[in-house]
Amino acid sequence: MATEAIERKNQIEAITVETNVARIDDNLTIKRVSPKVDVLQILEPVRRKLASIEAERIISVIEKTIDKLEIVTLLPHISYNLSRFSVALGLELTCAIREHVRLEQHFYYTVTKLIEAEHPEHEEDQSGMHKVKTKVERYDNFTLLQQALGSSVKNIIRLFEANPSACQIIQTECRARKPLGMSLILALKKLRNFVFGRLLISPMEEKDKSEFVENIILQDKQNTVIIATLEAELAAAIKDKENEMLKKNEIIRKLKNNLLQLDLFSEDSIRQIKQDSEKQQQGDQKDSEGRIVKLQEEIAQLRTQLNNSITEHRSTEQALRRRKFKTETEIENWIQKYDADIQEKQEEYEQLVKIHKDEGILLFELESKIEAIESEYVQVVEDRKRRAEEKRIREEQIYLMGRAAVTIQSFWKGFKVRQLIKSFKKKKKKGKGRRK
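Everything in this summary refers to the structure shown in the same document. This structure is a prediction, so every number in the text was calculated from the model and none was measured.

**Here we look at the environment of Arg-392**
Secondary-structure assignment places Arg-392 in helix H10 (residues 203-435). In this structure Arg-392 comes out as partly exposed when scored by relative accessible area, which is 35%. A polar contact is formed between the side chain of Arg-392 and the side chain of Glu-396, at a distance of 2.5 Å.

**So, the nonpolar core**
Among the nonpolar cores identified, the biggest contains 16 residues, and Ile-78, Leu-89, Leu-93, Ile-97, Ile-156, Phe-160 and Ile-170 are the most heavily contacted of them. Of all the secondary structure elements, the ones that give two or more residues to this core are helix H4 (75-80), helix H5 (82-89), helix H6 (91-117), helix H7 (128-162) and helix H8 (164-171). Within the second largest apolar cluster, 7 residues are counted, among which are Ile-66, Leu-69, Ile-185 and Val-195.

**Observations regarding helix H3 (residues 53-73)**
Side chains that are three or four residues apart share a direction in an α-helix, a result of its 3.6 residues per turn. In this model, H3 (21 residues) spans 30 Å end to end at C-alpha, consistent with the 30 Å of a helix rising 1.5 Å per residue. All of the buried residues in H3 are Ala-55, Ile-59, Ile-62, Ile-66, Leu-69, Glu-70, Ile-71 and Thr-73.

**Concerning a negative patch on the surface**
Taken together, Asp-339, Asp-341, Glu-344, Glu-347, Glu-348 and Glu-350 make up a surface patch of like negative charges. Considering the arrangement of structural elements, one finds Glu-350 in helix H10.

**Section: the side chain of Ser-152**
Inspection of the secondary structure puts Ser-152 in helix H7. Discounting residues that sit within four places of it in the chain, Ser-152 has contacts with Ala-96, His-100 and Leu-103.

**Notes on a nonpolar patch on the surface**
Together, Leu-362, Leu-366 and Ile-370 make up a nonpolar patch on the protein surface, roughly 280 Å² of accessible area in all. Counting through the fold element by element, Leu-366 comes out in helix H10. For Leu-366, a relative accessible area of 43% translates into the label partly exposed.

**Some points on the pattern of salt bridges**
Enumeration over the complete set of coordinates arrives at 9 salt bridges. The shortest N-O distance in the salt bridge between Glu-99 and Arg-102 comes to 2.2 Å. You can see Glu-99 and its partner Arg-102 sitting in helix H6, 3 residues apart, about one turn around the helix. The residue Glu-317 makes a salt bridge to Arg-321 at a minimum N-O spacing of 3.1 Å. Of this pair, Glu-317 and Arg-321 both sit in helix H10, 4 residues apart, which is roughly one turn of that helix. Look at Arg-321 and you get exposed, because its relative accessible area is 56%. Bridged by salt links that share partners, the residues Asp-383, Arg-386 and Glu-390 form one connected network.

**Considering the packing of H3 against helix H9 (residues 179-200)**
One way to put it is that H3 packs onto H9 with a least axis distance of 10 Å and a crossing angle of 170°. With respect to their mutual orientation, H3 and H9 come out roughly antiparallel. Residues Ala-55, Ile-58, Ile-59, Ile-62, Glu-63, Thr-65, Ile-66, Leu-69, Glu-70 and Thr-73 of H3 lie in contact with H9, whose contacting residues are Gly-181, Leu-184, Ile-185, Leu-188, Lys-189, Arg-192, Val-195, Phe-196 and Leu-199. Looking at the contact of H3 with H9 residue by residue, the class counts come to 12 nonpolar, 3 polar and 4 charged.

Thresholds, definitions, all that
Sequence order as written defines the numbering, with residues in each chain counted from 1. The predicted origin of the model limits local features to residues at a pLDDT of at least 70 and limits the giving and counting of side-chain atom pairs to 80 or more, whereas totals for whole chains, interfaces and linings rest on all residues. As a convention, hydrogens and water are excluded, and side-chain values are obtained from all of the structure's heavy atoms. Helix numbering and strand numbering both begin at the N terminus, where a helix is a DSSP run of H or I of at least 4 residues and a strand a DSSP run of E of at least 2. Think of it in three bands: residues with accessible area under 20% of the maximum for their type are buried, residues over 50% are exposed, and the middle band is partly exposed, with areas taken using a 1.4 Å probe on protein chains only. For this analysis, a polar contact is any N or O atom pair within 3.5 Å, provided that within protein one partner can donate a hydrogen and the other can accept it, and provided that sequence-adjacent residues contribute only side-chain to side-chain pairs. Here, nonpolar core means buried Ala, Val, Leu, Ile, Met, Phe, Trp, Tyr and Cys residues that are tied together by side-chain atoms lying within 4.5 Å of each other. Expected span of a helix: the number of residues minus one, times 1.5 Å. Two distance rules govern patches: like charges are joined within 9 Å, and nonpolar side chains (Val, Leu, Ile, Met, Phe, Trp, Tyr) within 5 Å, applied only to residues with over 30% relative accessible area and no salt bridge. Only the protein chains shown count as covering a residue, and every accessible area follows the Shrake-Rupley method with a 1.4 Å probe. When a carboxyl oxygen of Asp or Glu is within 4 Å of a side-chain nitrogen of Lys or Arg, the pair counts as a salt bridge. When charges are counted, Lys and Arg contribute as positive and Asp and Glu as negative, whereas His and the chain ends are disregarded. Charged side chains are reduced to one point each, which is NZ for Lys, CZ for Arg, CG for Asp and CD for Glu. When checking whether two residues touch, look at their non-hydrogen atoms; a contact exists if any pair is within 4.5 Å. Orientation is described by lines fitted to C-alpha atoms, with helices fitted over the stretch in contact, and by angles between N-to-C directions that extend from 0 to 180 degrees. Angle categories: roughly parallel below 35 degrees, roughly antiparallel above 145, roughly perpendicular from 65 to 115, and oblique for all the rest. Throughout this entry, Asp, Glu, Lys and Arg are counted as charged residues, while Ala, Val, Leu, Ile, Met, Phe, Trp, Tyr, Cys and Pro are counted as nonpolar. The remaining residues, Gly among them, count as polar.

The values reported here are purely geometric and, on their own, carry no functional implication.
Written out as structure tokens, the structure reads:
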């Protein structure tokens, strides 16, 4: 009864859980507001090309900057391997790069001198006015060298633009570019893609996108509210489930107590059964002792019968021994008789061997005569075989031709029957169409 009650409660709980899930799904389907619009299609720009000349100019400026930066970031590698690139670059470019390297070295030298001038412990013996003059001169040299480096870089870029083959050659050395230059080029490319995407979008499209995003945010807020209500319902359902689990635990505890009582009852019954079995064992032991006494008496009687039968069988054994001696003497007489007969047969065999030799000589003479006739006989036999073979081949050809004719006739009859069936079906279909 307890197990049946537990099964019924489990079924009721499963039904309640299913109803709660169905109710939650209904709420979600009612409250969900999903416009049938492709989100990615709305967020992507409508146009794929720039509409205005100003936008194209902006993008071209950024692309040219990226190209120039790619050339400038490779200048240290080119200047270090100038002997390898001198043939491909040409005389004018190599001279410009060497001049740029010379200005760069001079620039680094002036920068180090400026750094040393900022530390007074290196020039303690000089006067203050002299220090100021040297500092001003170095700053002037620094600015002039900056301008010279800038103009040198511009000149190198101009020469590379005039020599497209040199640009293609140095682009193959992109792995020699430093990480800082690579990161700067990647940042400019990202900026170009971002600006290109922004220029593709019109103000109206931007307004539509912002409205769409606001709608999505509002929808997300509504969904969060729905999720909060569903979580509250889920918490309540979990609480109900826990209460039901407590009730089930109470039922299980009661069932355990019942099982314990059953165990105690079973122990008492086992003890009673053991006592009954011991009593039965004692009674069976007494019965077995009586049976053993009876069996011992029967064994004694059987032994006496065995002794009597042994004395009786001794007389029969003596009679059988006499019979055996008699049969042995008869066998010896038969053997002697067999030997005499064999001797006679041996004499007859020798006579037959002699006759056989005479007949063998006669047979040899006959065989010599037969060999003369055998060639004629073989020729006659071969003629008969050849005629029989020709007759068999003709009969087989006649049989095969008859069989082929039968198969052709059966195939032709089947073909005609199928044509008749097809024509009958077509007529049937036409008749049905006319009736409709």
